[in-house]
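Here is how the chains run, residue by residue.
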Amino acid sequence: MKSLYSVFERIFGFLYHPVVRFFRSNRYRPGDLISFLIHYILFIWKEGGAGKKILYLDVTYLSKCERFAGICRVVAKLQEFLPLVQNQYEVIPVIGKQFLGYYRLSDGACICPSSGDIFLSAEVTQGIIDSNALFFSRLKRRGCRVCFFLHDLIPVLYPDFNGSPKFLRYYKKYLRQLAKADRVVCNSNSVLSDFNKYIEENGIKTDPNLRKSYTHLGVDFKPVQHDSSCKITLPAKVNFLMVSTVEVRKMYDQAVEAFSILWDKGLDVSLSIVGKYGWRAERARNLIENSPYKNKNLFWYNQGISDYELAELYQSCDAVVFASMTEGFGLALIEAAIYKKPLIIRDIPIFREVAGENAFYFTGTSGIDLAVKIQEWLELYDSGKYPRSDKISYISWEQCVKNVFTYISES
């Protein structure tokens, strides 16, 4: 008897935490299944009602997100500006639950869209979008237009840079679901090209009515007014800045190696890094922490800084370096352009699309490759012949959301 109890205890203990996490992450309530059955299955053929059409906006992760960065920021801007840029639809935030579809954020009721309504998701919620393929197909049969906003294809194009094999499997299912949608809006022409190429190379069957388009992300990043209490004095003749999470695809290890070569040569330059440690960037972290130039010419703001301090760094630096191997968009380029700071960036399609000829480009992945290019840039800088970033164009968030709405609502 004791041994049977021990076996039961082990099995229960093994299952308890995953089950609890599953229900908590999906916010299941006792009445969800009943609501799902009544509103979604029994009345699936119900005709749409009269009155204003509805735009259902997926805010599953945003509703739990503490900081509006990355994808959360895009979803937050959609929620903020969609009611302002159109008056045809009532915008209703919804959250997804695995296998059970989507529910109103306000009262938890299962949604039951009608013909002419729109469902829009800019979320990348693992386990929800992929588990609700049947739900989306039924929405379409009801006449509801299913639309997605695609941020990038980094997980499938660069699997070594992103997450676990489990996330990679999810992302492949996610992209297949997008191929079955009515509309897909990408955040750049580069991402749109990647999506088209991925569909073609993998033989993915798309919906006959699928339309794809793109719009650049918006910007509301304005120079912060000077605050004397946040004064930061950079030590060198020429000071460089890098802003983004320290992770493997950002190539911080190459940047630190490059500047170490320049410092060993006696060049009077500095490098400031603003970004918390992400993941799988142990080499970059070790190079920074063990550098003899740390806190002399090399500075790492790993614990986060205030907006005023970041503004001070942007205003005080002489150039911004962006060494990332791949990006969906790269808002840091726009931030640098707003402060009119020269850009030294990797030659990748998305950076070319955003910055054009208004940046200094480099290739190669070794420290010496970048060190040579920085020395070339310094010569241009001394002669005043370096590319200026202040001609880089950008749009507001309001215009970005307006573009998205135009693409998903047009017949």
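Structural data are supplied above this passage.
Residues numbered from 1 in each chain as written. Predicted model: local features only at pLDDT ≥ 70, side-chain atom pairs only at ≥ 80, totals over all residues. Heavy atoms only, no water.

Caption draft 1: Summary view of the sheet that holds strand E7 (residues 211–214). The strand order across the open sheet formed by 7 strands is E3-E2-E1-E4-E5-E6-E7, and the pairing between neighbours is mixed. Every interior strand has two partners, whereas the edge strands, strand E3 (101–104) and E7, have only one. Going across the sheet, the axis of each strand differs from the next one's by a mean of 25°, ignoring polarity. Pairing analysis gives 4 bridges linking strand E1 (residues 53–58) to strand E4 (residues 118–121), with the strands arranged parallel. Of the residues in E4, the one forming a bridge with Asp58 is Ser121. Set on the sheet, helix H3 (residues 71–85) makes contact with E1, strand E2 (89–97), E4 and strand E5 (145–150); between it and E1 the angle comes to about 160°. Along the sheet, helix H7 (residues 189–201) contacts E5, strand E6 (183–186) and E7; its crossing angle with E7, the most-contacted strand, is approximately 150°. (Pairing = 2+ DSSP bridges. Helix = DSSP H or I, 4+ residues; strand = E, 2+ residues; numbered from the N terminus. Axes fitted to C-alpha atoms, helices over the stretch in contact; angles between N-to-C directions. Contact = heavy atoms within 4.5 Å.)

Caption draft 2: Quick peek at the packing of H3 against helix H14 (residues 397–409). Two elements in contact, H3 and H14, have axes whose closest approach is 9 Å; the angle formed by their N-to-C orientations is 80°. The orientation of H3 relative to H14 falls into the category roughly perpendicular. Here H3 contributes Arg73, Val74, Lys77, Leu78, Phe81, Leu82 and Val85 to the contact with H14, which in turn contributes Trp397, Glu398, Val401, Lys402, Val404 and Phe405. Its residues assigned to classes, the contact of H3 with H14 comprises 9 nonpolar, no polar and 4 charged. (Parallel < 35°, antiparallel > 145°, perpendicular 65-115°, else oblique. Nonpolar A, V, L, I, M, F, W, Y, C, P; charged D, E, K, R; others polar.)

Caption draft 3: Molecular detail of the environment of Ala122. On the secondary structure map, Ala122 appears in the loop between E4 and helix H4 (133–141). Classification of Ala122 as buried rests on a relative accessible area of 1%. For the pair Ala122 and Phe149, spaced 27 residues apart in sequence, the C-alpha to C-alpha distance is 4.5 Å. If we ignore the near neighbours within four places in the chain, the residues touching Ala122 are Ile71, Val75, Leu78, Phe149 and His151. (Buried < 20%, exposed > 50% of the residue type's maximum accessible area, 1.4 Å probe, protein only.)

Caption draft 4: Broad picture of the environment of Leu78. Within the secondary structure layout, Leu78 lies in helix H3. When the C-alpha positions of Leu78 and Glu398 are compared, they lie 8.7 Å apart, and in sequence the two are 320 residues distant. Look past the residues within four positions of Leu78 in its chain and what remains in contact with it is Leu57, Pro83, Leu120, Ala122, Val401 and Val404.

Caption draft 5: Focus on the pattern of salt bridges. In the structure shown here, the tally under the stated rule is 13 salt bridges. Residues Asp347 and Arg352 are paired through a salt bridge, measuring 2.9 Å at the closest nitrogen-oxygen approach. The class for Asp347 is partly exposed, based on a relative accessible area of 33%. Judged by its relative accessible area of 33%, Arg352 is partly exposed. Lys373 is paired through a salt bridge with Glu376; the nearest N and O atoms lie 3.1 Å apart. Here the residue Lys373 and the residue Glu376 both occupy positions in helix H13 (residues 367–383), the gap between them amounting to 3 residues, near one helical turn. Of the residues examined, Lys373 reaches a relative accessible area of 22% and is grouped as partly exposed. (Salt bridge = Lys/Arg side-chain N within 4 Å of Asp/Glu carboxyl O.)

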